[in-house]
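Inside the fold
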Amino acid sequence: QRQLEIAMALSGAPRFILFDEPAAGLSPTERRELIGILTGHFDPVFLQALPLRFFGILSNELLLAIPFFTFMGAILERSGLAEDMLEGAGQLFGPLPGGIAYAVVLVGAVMAAITGTVAASVIAMAMVSLPVMMRYGYNMRIATGVIAAAGTTAQLIPPSLVLIILADQLGRSVGDMYLGAIGPSLMQIAIFLIFIFVVSLVKPHLMPPLPPEARTDRSLGLLLRVAKGMLPSLVLIFLVLGTIFLGLATPTEAGAMGAVGAMLLAIAHGRLSRPLVRQAMASTMRITAMVVFILIGATVFSLIFQGMDGARWIEHLLTGLPGGAIGFLIFVNIFVFFLAFFLDFFEIAFILVPLLAPVAQAL
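Residues numbered from 1 in each chain as written. Predicted model: local features only at pLDDT ≥ 70, side-chain atom pairs only at ≥ 80, totals over all residues. Heavy atoms only, no water.

Section: the packing of helix α4 (residues 65–78) against helix α13 (residues 274–307)
In a pair of packed helices, the angle between the axes and the distance between the axes together describe the arrangement. Test applied: As a rule, the C-alpha atoms of each element are fitted with a line to give its axis, helices using only the stretch in contact, and angles between N-to-C directions run from 0 to 180 degrees. The helix and strand labels rest on DSSP assignments: H or I over at least four residues marks a helix, E over at least two residues marks a strand, and numbering proceeds from the N terminus. Comment on the angle field: the value is read as roughly parallel under 35 degrees, roughly antiparallel over 145, roughly perpendicular from 65 to 115, and oblique elsewhere. The crossing is said to be left-handed when, going from far helix to near helix, the turn is anticlockwise and less than a right angle, and right-handed when the turn is clockwise. The contact criterion used is simple: two residues touch if any of their non-hydrogen atoms lie within 4.5 Å. Here the term charged refers only to Asp, Glu, Lys and Arg, the term nonpolar to Ala, Val, Leu, Ile, Met, Phe, Trp, Tyr, Cys and Pro, and the term polar to all other amino acids, Gly among them.
Two numbers describe how α4 lies on α13: the axes approach to 9 Å, and their chain directions differ by 140 degrees. Comparing their axes, α13 and α4 come out oblique. Here α4 runs over α13; the crossing is right-handed. Between α4 and α13, the residues in contact are Ile 66, Pro 67, Thr 70, Phe 71, Ala 74, Ile 75 and Arg 78 and Leu 276, Val 277, Gln 279, Ala 280, Met 281, Ser 283, Thr 284, Ile 287, Thr 288 and Val 291, respectively. A class-by-class count of the residues in the contact of α4 with α13 yields eleven nonpolar, five polar and one charged.

So, the nonpolar core
The line we're drawing: To define a nonpolar core, start from buried Ala, Val, Leu, Ile, Met, Phe, Trp, Tyr and Cys residues and group those joined through side-chain atoms within 4.5 Å. Each residue's exposure class comes from its accessible area (1.4 Å probe, protein chains only) as a fraction of the maximum for that residue type: buried when under 20%, exposed when over 50%, partly exposed otherwise.
Core analysis: the biggest nonpolar cluster contains 80 residues, and Val 104 and Ile 164 have the highest contact counts within it. Residue contributions to this core peak at 13 residues, all from helix α6 (residues 99–115). Formed by eleven residues, the second largest nonpolar core is a distinct cluster that contains Phe 301, Leu 318, Phe 328 and Val 332.

Quick word on helix α12 (residues 251–268)
This is how the line gets drawn: Here the expected length of a helix is defined as 1.5 Å per residue gap, with one fewer gap than residues.
Over its 18 residues, α12 extends 25 Å from the first C-alpha to the last, a length consistent with the 26 Å expected when each residue adds 1.5 Å. Within α12, the full set of buried residues consists of Pro 251, Thr 252, Ala 254, Gly 255, Gly 258, Ala 259, Gly 261, Ala 262, Leu 265 and Ala 266.

Quick notes on the side chain of Thr 284
With respect to the helices and strands, the residue Thr 284 is situated in helix α13. According to the relative accessible area criterion, Thr 284 is buried, its value standing at 7%. Residues contacting Thr 284, with those up to four places away along its chain left out, are Pro 67, Thr 70 and Phe 71.

What to know about the environment of Phe 195
Mapping Phe 195 onto the fold places it in helix α10 (residues 174–202). Once the C-alpha coordinates of Phe 195 and Val 146 are considered, the two residues, 49 residues apart in sequence, prove to be 9.7 Å apart.

Quick notes on the environment of Met 263
Positionally, Met 263 belongs in helix α12. Owing to a relative accessible area of 26%, Met 263 belongs among the partly exposed residues under this scheme. Here the alpha-carbon distance between Met 263 and Met 72, two residues 191 residues apart in the chain, equals 7.7 Å. When residues no more than four places from it in sequence are discounted, the contact partners of Met 263 are Phe 71, Ile 75, Leu 272 and Val 277.

What about the packing of aromatic side chains?
When we look at a pair of aromatic rings, we describe it by the centre distance and by the angle of the planes. Defined as follows: Stacked, edge-to-face and tilted are the three classes for Phe, Tyr and Trp ring pairs, Trp counted by its six-membered ring, which pair at centre distances within 6.5 Å; planes under 30 degrees apart are stacked, over 60 edge-to-face, the rest tilted.
Summed over the entire model, instances satisfying the criterion amount to four aromatic pairs. On the basis of an interplanar angle of 10 degrees and a centroid distance of 5.7 Å, the ring pair of Phe 331 and Phe 335 is categorised as stacked. With Phe 331 and Phe 335 both in helix α15 (residues 324–339) and four residues apart, the pair spans about one turn of that helix. On the numbers, 5.3 Å between centres and 80 degrees between planes, the contact of Phe 337 with Phe 338 is edge-to-face. Here a set of aromatic residues connected by ring pairs shows up, and it is made of Phe 337, Phe 338 and Phe 341.

Structural measurements only, silent on function.
Spelled out as structure tokens, the structure:
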């Protein structure tokens, strides 16, 4: 209360008591807003835009793709496709040192593409592959690291929820974001495979090959079994992405088609059931509600931040970095790397990306 009175006195604003109690219970954003109004740095007219922003979020058709892709991933995660693919790929690469690790990365990339979320991909891979890797003598750090790394490809491999949200925040088309992510995602998978290869050469005892008695099938039938496990998933991914790239469907329409395709795949494997659908719908509801409420909170923050000229301050700060565009990219990568220790991607995308996008365009 005393600080607010001092701020009013310094700004020449009319002196009045705003609170009977100190500003306890107010969020940092609310405190900044009140102090900004009292010192003349924030125009209360900005707050009239909040209802329109809320309505814009809830009526955004692009964000409707999120529940569709989440539901598609939840169905495929629970329908046993990961087990089928991993079993076949594990047998295929089994004779090599690190064979199961290769299988985890490759199957993880396919699962990442069909689930779209890191949690779903990691859970599906860990439940299936970790017991197998432990049974055959894999180092625990290598095993868990490979599974976690393979799961992170879900952030980047289309159709990813992350890319849908980034497209919305940056005002770009989802198709452009998906096309832009193909090269980096393939590079990420290649780096993981190269790492496994190097470790298998230097320290093969950390990731031994499958023993001969565990290799159940080494005939042409094994290749057919691997193809049978992966081909339907790859066809589904191609249908979803291909229709977006060719302009035949919007991301929302492609997501709806992917959700129906996932249910058809589950039926084909004889695993679609009422409990499975209920679990997938509950998971979809939780993730969608979380994203929407974070987005509503973030839009309040960004409105106050812009009203206080924070965006202009950030732009002046970052455009003055040494190295120009390259210096900006290095700084942002390091900054986001450390920020991600404490914040989930959605918070970073909704709060940080709108502040960095104007600077990137200016550079």
